[in-house]
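# Report on the structure
The chain contents come next:
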Amino acid sequence: MAKNIFPKLFPKKTEERQDPGIWGITGVVESQNLTNPSKAKKCGNILDASSPTPQQAKKWQQSIDFLLEDPKGRAHFKKYLKTQYASENFDFWTAVDELKTKKPQGEKLKKETREIFENYISRDALYPVNINAKLRVGIEQMIEDPNTEIFDDAQKYVYRLMKDGPYMNFLQDSYFQTLIGGKG
């Protein structure tokens, strides 16, 4: 049993986890005691809220589009990509998707496109995506007077990269096999 050094801030019982679990995480974890029905109800049954049904997970096998349209699919795919140190393409794709959904205008559009550009596209990007120079230069030329379609070609390019690489690997991963009811 690990010692809780912040009992007033974190009064829950903690325990040392020896089993690395699905994602290879070890160390101190919070005990939720979800085997007790009344406590599980109070916690909102955390396990069920984030776990897809086997049917949902099987649908994700049909197409990356089904995976990306489903919030649970996105969440599980992102977790997988983080384990592969490859979440920047997904994060970029998601940021562009959100930009298109919000359809900002004026200064807000400039601010949001600049943020996406600096995070993923610029030569000094914090989380650079793997796009070719032609796409990068085209975006650089449009960044001062952007529109919501500024990243469309780069988003399509990143989509193809995800579809042909990480998505296929995700489907073969033992974690995904467990989600669809396989042995893993």
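To keep things clear, this report deals only with the structure shown in the data block.

Here is what the cut-offs are and how they apply
- Residues numbered from 1 in each chain as written.
- Predicted model: local features only at pLDDT ≥ 70, side-chain atom pairs only at ≥ 80, totals over all residues.
- Heavy atoms only, no water.
- Helix = DSSP H or I, 4+ residues; strand = E, 2+ residues; numbered from the N terminus.
- Buried < 20%, exposed > 50% of the residue type's maximum accessible area, 1.4 Å probe, protein only.
- Areas by Shrake-Rupley, 256 points an atom, 1.4 Å probe, with all protein chains shown as cover.
- Salt bridge = Lys/Arg side-chain N within 4 Å of Asp/Glu carboxyl O.
- Expected span 1.5 Å × (residues − 1).
- Arc of directions from axis to C-beta.
- Polar contact = N/O pair within 3.5 Å; in protein donor to acceptor, adjacent residues only side chain to side chain.
- Phe/Tyr/Trp six-rings, centres within 6.5 Å; stacked < 30°, edge-to-face > 60°.
- Axes fitted to C-alpha atoms, helices over the stretch in contact; angles between N-to-C directions.
- Parallel < 35°, antiparallel > 145°, perpendicular 65-115°, else oblique.
- Left-handed = near helix turned anticlockwise from the far one by under 90°.
- Contact = heavy atoms within 4.5 Å.
- Nonpolar A, V, L, I, M, F, W, Y, C, P; charged D, E, K, R; others polar.

### Here we look at the overall build of the protein chain
- The helix and strand tally for the protein chain stands at 11 helices and two strands.
- Along its sequence from the N terminus, the protein chain presents helices and strands in the succession β-β-α-α-α-α-α-α-α-α-α-α-α.
- Put simply, the protein chain has 184 residues, and 34% of those count as buried.
- Total accessible area on the protein chain is roughly 12,100 Å²; 52% of this is exposed by carbon and sulfur atoms.

### Examining the pattern of salt bridges
- All told, the structure shown has seven salt bridges when counted by the stated rule.
- The salt bridge partner of arginine 74 is aspartate 97, with a shortest N-O separation of 2.9 Å. Pair noted here: arginine 74 is in helix α5 (residues 71–83) and aspartate 97 is in helix α6 (residues 88–102), with a separation of 23 residues, a long-range link.
- Relative accessible area serves as the criterion here: at 23%, aspartate 97 is assigned to the partly exposed category.
- For lysine 108, the salt bridge is made with glutamate 112, and the minimal N-O distance between the two is 4.0 Å. Here lysine 108 pairs with glutamate 112, and both are found in helix α7 (residues 106–121), just four residues apart, close to one helical turn.
- In this structure glutamate 112 comes out as buried when scored by relative accessible area, which is 15%.

### A short note on α5
- Compared with an ideal rise of 1.5 Å per residue, which puts 13 residues at 18 Å, α5 spans 19 Å between its outermost C-alpha atoms and is within 8% of the ideal.
- When we look at burial in α5, the residues that qualify are Gly73, His76, Phe77, Tyr80 and Leu81. The buried residues of α5 occupy one face: seen down the axis, they fall within an arc of 140 degrees.
- Capping the start of α5, aspartate 70 holds a side-chain oxygen 2.8 Å from the backbone nitrogen of lysine 72, two or three residues further along.
- One or two positions beyond α5, positive phi appears at tyrosine 85, with a value near 55 degrees.

### Here's the deal with the packing of aromatic side chains
- Counting across every chain of the model gives eight aromatic pairs.
- Relative to phenylalanine 176, the ring of phenylalanine 170 lies with its centre 5.1 Å away and its plane at 50 degrees, an arrangement referred to as tilted.
- Overall, the relative accessible area of 0% leaves phenylalanine 176 in the buried class.
- One aromatic cluster is present, formed by Trp60, Phe77, Tyr80, Phe90, Phe170 and Phe176 through successive ring pairs.

### Thoughts on the packing of α6 against helix α9 (residues 152–164)
- Contact geometry of α6 with α9 gives a least axis separation of 10 Å together with a crossing angle of 140 degrees. Relative to α9, α6 is oriented oblique. Read as a crossing pair, α6 and α9 show a hand that is left-handed. Residue-level contacts link Asn89, Phe90, Phe92, Trp93, Val96, Asp97 and Lys100 of α6 to Asp152, Ala154, Gln155, Val158, Tyr159, Leu161 and Met162 of α9.
- Here the residues of the contact of α6 with α9 are counted per class, giving nine nonpolar, two polar and three charged.

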